[in-house]
Structures are given as structure tokens and as C-alpha cells.
Amino acid sequence: MISVSGGMLLSEYNPVSMQCTQTHEVIKPKFPVFDSHTHIGALLMDDPPGEPVDIGAMVECLKESGVTGVIELKMFWGEPLKRHIESLEGYRDFIHTFATLDVKRLEESGFAGYVDETLKRYSELGIRGLKFWKNIGCVLKDSSGNYIRPDDDRLRPVWEVAAKYGLFILFHIADPKSFFTPIDKHNEFYEALCENPDWSFYDKGSEGRYTFEQLMQQQDNLLTTNPDTTFIIPHMGSCTEDLAWVGSQLDKHSNMYIDTSARINLLGRQPYTAREFFLKYSDRILFGTDYGFGVGGDETRGFYEDHYRFFETFDEYFRPVKSWGWGQGRWNIYGLGLPDDILKKLYYQNASDLFGFL
């Protein structure tokens, strides 16, 4: 870590603002909230099981926080998915599941048949959509040793069959831009990347990995070549740092929606630009948080209150989501103070109109 005057480490530096401005505690949202991006229990099939999730207690806690329903995202298929769905019995009017399938089978001659059979079964099980992740583009390789691209033509059956069965695609394609730049004194996520070096995708060109810009072009290609499939590109369309570009993508692709998950830290440092963006694209943005991974009780309530404060007030210079610590960047944010008609769309109406199952 970097040492500063007096021998204190940068990691120990946690200044208390002396600023005196109006603050608001938003315990409950102005309107009902549907969270379109959550994780209940393990995300990946090979994740450690951890503590069992008390589904009933979690649902009650979410309801106390003003949440009327959620989409949970699982990188599961097969028997583990079946067991998980069974564990949600009695709560499936509140918890709507997006699952996935084994994309590593894309080179098999029967891949298209596997996709059709799997997605048909998902539709019958009440699975609402599919979740794909940055392992496509950044981690998984084909038999030739090349990284599988988000717009790989061999994945076309997935997008076409999803449209056939009315399944939505939520595709997390890229992380913040700084995760693709050197971990040095210029990197605004320096602390987070030092603590989590596996989050970094910098200097992978020699290994054949794609740059952030290449991934964004592949994302654009994916949306262009599959106009009949509805895609939700989470985390503000993969590029919160450049909302003008995200807006141009929404203008270009009528099949594209975005969500706000885990990005109020980046939105809140550009409040004028972000507010105008939410006003202009109010019909295409879903409320999402990335809630999960053991968050519960008072922590859950505080987690959602921080989000409501950001969207509903004009409060100045406050920590984005207190429970996230410095992993979200070393800066404070400003509230957007969205008007009621925009809040209604963001919190619930857009999800209701898009999914049709709320």
C-alpha cells in the first residue's frame, strides 16, 4: 500500500467531511420497488454453499424495505437449478428466477438441440430469463484457445431460442473501465483492485483477451444481429463512465434495456449528466441493486435506504452505499432528486411493462 505523511497507510485514511448541508433519511421508497438484479445464495454452481439462506426471513426483510418482488440471477443449470427452484416453493410470486446453460458446449454438433430442449424446460418451470456473465469474453476459451466472444456466432441459437420462448437475456459483459487499465497511481479503483486482483483484466492483450473497447463493440454487434431478442445490459449498459455512449446504444437498439445495479457510485459523481440521462431514457432503465451475498437484517434496510436516498433526494456529498466500503471508489456522490413520474417508472413500472409477470 502507499504510505503518506506520518506513516499512515492510504487504506487507513478515512476522512470525515466537515460539510454542512441538508440531509434526508429515506427509510421507505416513495413508490413500490421491484429489484431486477439480485442474488439469493450462491451465484455460481461451484461457489461454496455458505450459510443456508432463510428465504422467508429474507423476503420479509425485503418487504420491510419497500421491495415488492425481485429477479434473482443464477449461473445454474441441471440438477442444482432444479433443487434451487424447489427451495423457493411458496415464494415464487415474489422471487422470479433467471438461470443459464452450459455455453462451453457451443462447439458440440448438438448444441442447438441442447439449447432448445433446455430453454423449453426452463419455460415450463417458470424460469423468466437467462443470465450470462463476463466469463464470456474475459474467461472462457474454445478448443482453439481463443476467448469466446459475446457476439460469437456459435451462440446464436441461445439468443434465437430465447426469443422463441419469450425469455429475456441479462448479459453482464464488462466491468468498470478502470478494471481494464493498469493498477497504478492513476487507477481510480486502485484499492479495490489491489484487494481483489482477479477483478483486473488489464494487460491481457498478449494472452488474447479483449480490451474494454473491443468488448463494447462486441456488445453492439450482439444487439444488432439479434433484434428479436430482448437484452438487459446491467450495470448501466456496461459503461456508466460514458452515458452519452450508452444513450447512443439505446437510441440504436430498441431491444436493449439497462439496469442500475452496483453503479450508483459512478452515477452519483456526475449528477447533472445522470439526471438528464434518467429523464431522457426513463422508459428503458430498470431498478437493480446487486443485492445479495449474505446482506440481511439491518444491513439490507440500510442498503436499500442508501439507494432510495440517491434517487429521491438532492442530498450532497455522501457515501454511495455505506456497506460496500472503499470497493466502490474513494469519492462521495450527489443525489439525483428524480421527479415522481420518473421514479415510478424506475422503481416498478418499467419492469412491469417489460416482463408482464408482475
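Further up the page is the structure itself.
Residues numbered from 1 in each chain as written. Predicted model: local features only at pLDDT ≥ 70, side-chain atom pairs only at ≥ 80, totals over all residues. Heavy atoms only, no water.

## So, the overall build of the protein
For step 1, the next point in the chain: A count of helical and extended segments in the protein gives 13 helices and 9 strands.
For step 2, the next point in the chain: Whereas a compact globule of 358 residues would reach a radius of gyration of roughly 21 Å, the protein reaches 20 Å, a difference of no more than 12%.
For step 3, the next point in the chain: Looking at the protein residue by residue over its 358 residues, the buried ones come to 53%.
For step 4, the next point in the chain: Considering only contacts within the protein whose residues lie at least 6 apart along the sequence, 75% involve residues at least 24 apart.
For step 5, the next point in the chain: As presented, the protein carries roughly 16,100 Å² of accessible surface, and 50% of it is formed by carbon and sulfur atoms. (Helix = DSSP H or I, 4+ residues; strand = E, 2+ residues; numbered from the N terminus. Rg over C-alpha atoms; globule rule 2.2 N^0.38 Å. Buried < 20%, exposed > 50% of the residue type's maximum accessible area, 1.4 Å probe, protein only. Contact = heavy atoms within 4.5 Å. Areas by Shrake-Rupley, 256 points an atom, 1.4 Å probe, with all protein chains shown as cover.)

## So, helix α13 (residues 340-355)
For step 1, the next point in the chain: For α13, built from 16 residues, the straight-helix expectation of 22 Å at 1.5 Å per residue is met to within 8% by its first-to-last C-alpha distance of 22 Å.
For step 2, the next point in the chain: The largest bend in α13 is about 55 degrees, located at leucine 346.
For step 3, the next point in the chain: Listed in full, the buried residues belonging to α13 are Ile342, Leu343, Leu346, Tyr347, Asn350, Ala351, Ser352, Leu354 and Phe355.
For step 4, the next point in the chain: Just past α13, the residue glycine 356 takes up positive phi, approximately 75 degrees. (Expected span 1.5 Å × (residues − 1). Bend = angle between axes of the 7 residues up to and from the residue.)

## Some words on the sheet that holds strand β6 (residues 231-233)
In any sheet, the strands associate via hydrogen bonds between backbone groups, in a parallel or an antiparallel arrangement.
For step 1, the next point in the chain: Across the sheet, 9 strands lie side by side as β8-β7-β6-β5-β4-β3-β2-β1-β9; this open sheet has parallel pairing. What marks the edges here is a single partner per strand, and that holds for β8 (285-286) and β9 (291-292).
For step 2, the next point in the chain: Where helix α5 (residues 156-164) meets the sheet, its contacts fall on β4 (129-132), β5 (168-171) and β6, and the angle it forms with β4 comes to roughly 155 degrees. (Pairing = 2+ DSSP bridges. Axes fitted to C-alpha atoms, helices over the stretch in contact; angles between N-to-C directions.)

## Let's talk about the pairing of strand β2 (residues 67-73)
For step 1, the next point in the chain: With respect to burial, β2 is a largely interior element, 6 of its 7 residues being buried.
For step 2, the next point in the chain: Relative to β2, strand β1 (residues 33-39) is paired through 4 bridges, and the arrangement is parallel. Residue pairing for β2: aspartate 35 is matched across the bridge by valine 70.
For step 3, the next point in the chain: Sheet topology note: the β2/strand β3 (residues 95-99) ladder contains 4 bridges and is parallel.

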